[in-house]
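# Residue-level structural notes
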Amino acid sequence: MNCNECLKMLSEYCDHELDKTAAREVKAHLKKCPACRQQQRLMESMIVDAMSLTRHAPSMECLLNTTGAIHKRAGMVRRTEFGPVLDFDELADYLRVDREIIGQYIDEIPSFELGGKLLFRKKSLEAWIESKETGFRLQRTEKQLHEPSGFANEPLVIGGVS
Amino acid sequence: MTNGSHEELMLQVQRGNMAAFELLFEQYRLPVFNFLYRMVNGERGSAEDLLQEVFVKIYDARKYYEPTAKFSTWLFTIVRNHCLNFLMSRRYRQGRQTISLEAMTEEHQGKVGGTGEIGELLEQAIGRLPDEYKEVFILHAVEGMSHQDVAEVLKMNPATVRTNYHRARTILREKVGACLTRKGIKNELQ
């Protein structure tokens, strides 16, 4: 075996992946060749060095941006500024409830359709919320008549979320 | 990289548990970032942009995860594909940069010396590997994935992964060895 043949198989030799005959030939060559032995030591040192290469860390800004982007995707970051007309997602953010809840109340919520898209006018929503507040107030008063102590100052509830 | 119950956490993510996704992000952000960082040759800005994009992509793809797949290999498949798309589109825009071994030696003229120079040169040499060798080397030798898992991530035959890995290591040995010889650093290895 010459040096070129030995060096070609050195990586497999270091990982004990050569068959017995090839491994024996490499071993015999390494025994008599100091230059290839040096390459073997370099290879072994590189294996250790690769495992202990610096672990780089993303910046805090990157981590915050990433978690922010994922939360936004998951609908956990709600918009706070809205135009006069809202779409479905904006409505969920506006009312601060999950999209599923909007789905449950969709027949009740004032809306109109344009180009196949369901839209909600903020002004109509405010009127609808007012009617919900009145209904809730009446319901609460009725309950208070039966149970005098209780939730006198509890807020409006839509879909179980206050 | 430990796997534990990452598959179970991902199933919880599918059921809408955001805290489970945050745990997975916590566990994998460093291995994923280090893979990306080395694939883009240490360009921190690109690696950070890719990290953000890739985790949003993983979140979006949650419903496609099937528990029969090991979570780490599923995740790294997405990471690797996204990274390769980025590299390909960038090369298309800019043309591939080639840096010679000589340039590599010059670049690190002042840094070589004392302990750790092999690690330093190794890091640089990894950056110059062809992508198909680089990704195998990083996933197996740096991130500690088995050849079998690397094969699943890369959708390759395990034998091809093994071959690419040994080729990568042979190239690295040649490059690092040549740089050390050029700098006259031999004592450490004798």
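What follows covers the side chain of D131(B). All names here are of chain B. When you line up the elements, D131 lands in helix α7 (residues 131-142). Its relative accessible area of 12% is what places D131 among the buried residues. Residue contacts for D131: discarding those within four places in its chain leaves M39, L84, L87 and R91.

Right, let's talk about helix α2 (residues 18-39) of chain B for a bit. Residues and elements named next belong to chain B. Roughly 45 degrees is the biggest bend found in α2, and it falls at Y28, with proline P31 one to four residues downstream. Most of α2 is tucked away: 16 of the 22 residues are buried. With a side-chain oxygen positioned 3.0 Å from the backbone nitrogen of A19, the residue opening α2 is N17. A positive phi of about 55 degrees marks N41, the residue just after α2.

Moving on: the nonpolar core. Judged by nonpolar contacts, the single largest core of 78 residues is most densely connected at V32(B), F55(B) and F137(B). No other element matches the twelve residues that α2(B) contributes to this core. Residues contacting V32(B), with those up to four places away along its chain left out, are L51(B), V54(B), F55(B), L75(B), F76(B) and V79(B). Counting 13 residues, the second-largest nonpolar core is a separate cluster that includes L86(A), V97(A), I101(A) and F120(A).

Residues and elements named next belong to chain A. Pairing analysis gives two bridges linking strand β1 (residues 85-86) to strand β3 (residues 117-121), with the strands arranged antiparallel. For L86, the partnering residue across the bridge sits in β3 and is F120. When strand β2 (residues 112-114) meets β3, the two strands line up antiparallel, connected through three bridges. Within β3, the residue paired with L114 across the bridge is K117. Taking the residues that link successive antiparallel strands as the turn, the β2-β3 hairpin has two residues, and the phi of G115 there is positive, at about 60 degrees.

Before going further, it helps to spend a moment on the packing of α2(B) against helix α3 (residues 44-60) of chain B. Residues and elements named next belong to chain B. For the pair α2 and α3, the least separation of the axes is 10 Å and the interaxial angle reads 145 degrees. The crossing of α2 and α3 is right-handed. Side by side, α2 and α3 meet where M18, F21, F25, Y28, R29, V32, F33, L36 and Y37 of the first sit next to R44, A47, E48, L50, L51, V54, F55, I58 and Y59 of the second. Residues that form the contact of α2 with α3 fall into these classes: 15 nonpolar, no polar and three charged.

Attention now goes to the interface of chain A and chain B. Opposite the 36 residues of chain A that make contact, chain B presents 42 residues. Between chain A and chain B, roughly 3,500 Å² of surface is buried when both sides are summed, and carbon and sulfur atoms account for 60% of that area. Together, M46(A), R55(A) and H56(A) form the three largest contributors to the area buried by chain A at its contact with chain B, with a combined 19%. Between chain A and chain B we count four salt bridges in total. The tally of links from chain A across to chain B stands at 13 residue pairs in polar contact (both at pLDDT 80 or more). Looking at the side of chain A that touches chain B, the elements with two or more residues in it are α1 (3-14), α3 (34-51) and α4 (60-73) of chain A. Among the elements that line the side of chain A that touches chain B, the one with the most residues is α3(A), at eleven residues. When grouped by side-chain class, the residues that make up the side of chain A that touches chain B number 18 nonpolar, eleven polar and seven charged.

All right, on to the sheet that holds β3(A) then. Residue and element names in this part refer to chain A. Within the open sheet, the three strands sit side by side as β1-β3-β2. Their pairing is antiparallel. Looking at the sheet topology across the chains shown, the edges are occupied by β1 and β2. On the sheet, helix α7 (residues 122-146) packs against β1 and β3 and is oriented at approximately 65 degrees with respect to β3.

This part covers unusual backbone geometry. Residue and element names in this part refer to chain A. A positive phi angle, close to 55 degrees, is found at H16, a residue other than glycine. You can see H16 is positioned in the loop between α1 and α2 (20-32). Note on H16: relative accessible area 74%, which makes it exposed.

Counted under the stated rule, the structure contains twelve salt bridges over all chains. Among the ionic pairs, E17(A) bridges to R162(B), the shortest N-O distance being 2.7 Å. Of the two residues, E17(A) is situated in the loop between α1 and α2 and R162(B) in helix α9 (residues 158-183); the pairing between them involves two chains. Assessed through its relative accessible area of 30%, E17(A) is described here as partly exposed. One salt bridge in this structure joins R73(A) and D60(B), with 2.7 Å as the shortest N-O distance. Here R73(A), found in helix α4, pairs with D60(B), found in helix α3, and the two come from separate chains.

This brings us to the confidence of the model for chain B. Residue and element names in this part refer to chain B. Chain-level pLDDT for chain B is 80 on average; 80% of the residues reach the 70-or-more range. Summarising per-element confidence for chain B, the mean pLDDT is lowest in helix α5 (residues 101-107) (41) and highest in α3 (93). Within the model, pLDDT remains below 50 along residues 98-115, and this stretch shows 26 contacts once partners closer than five positions in the same chain are excluded. As a predicted assembly, this complex carries a pTM of 0.65 together with an ipTM value of 0.73.

How each quantity is defined
- Within each chain, residue numbers correspond to sequence positions counted from 1 in written order.
- Each chain is given a letter, starting from A, and each ligand a number, starting from 1, according to the order in which they appear as written.
- Only residues with pLDDT of 70 or above have their local features reported here, since the model is predicted, and side-chain atom pairs are shown and tallied only from 80 upward, although totals for entire chains, interfaces and linings are computed over all residues.
- Note that water and hydrogens are dropped before the side-chain values are worked out from all heavy atoms of the structure.
- Helix and strand assignments come from DSSP, with helices taken as H or I runs of at least 4 residues and strands as E runs of at least 2, each series counted from the N terminus.
- Exposure is judged per residue with a 1.4 Å probe applied to protein chains only, and the accessible area is read against the type maximum: over 50% gives exposed, under 20% gives buried, and values in between give partly exposed.
- In this description, contact between two residues means that some pair of their heavy atoms is separated by no more than 4.5 Å.
- For a residue, the bend is simply the angle between two axes, fitted respectively to the seven-residue segment ending there and the seven-residue segment starting there.
- Any N or O atom pair separated by 3.5 Å or less is treated as a polar contact, with the protein-specific requirement of one donor-capable and one acceptor-capable atom, and with residues adjacent in sequence counted only for side-chain atom pairs.
- Nonpolar cores are built from buried Ala, Val, Leu, Ile, Met, Phe, Trp, Tyr and Cys residues. Side-chain atoms within 4.5 Å join them into one set.
- Strand pairing follows a simple DSSP-based rule, namely that at least 2 bridges must link the two strands.
- What counts as an axis is a line fitted to C-alpha atoms, over the stretch in contact for a helix, and the angles between N-to-C directions run from 0 to 180 degrees.
- Each crossing is labelled by how the near helix is turned from the far one, with a counterclockwise turn of less than a right angle marking it left-handed and a clockwise turn marking it right-handed.
- Note on residue classes: Ala, Val, Leu, Ile, Met, Phe, Trp, Tyr, Cys and Pro are nonpolar, Asp, Glu, Lys and Arg are charged, and everything else, Gly too, is polar.
- Put simply, buried area is how much 1.4 Å-probe accessible surface two parts lose in total, over both of them, once they are put together.
- A pairing counts as a salt bridge when a side-chain nitrogen of Lys or Arg comes within 4 Å of a carboxyl oxygen of Asp or Glu.
- The predictor reports its confidence for every residue as pLDDT, a score running from 0 up to 100.

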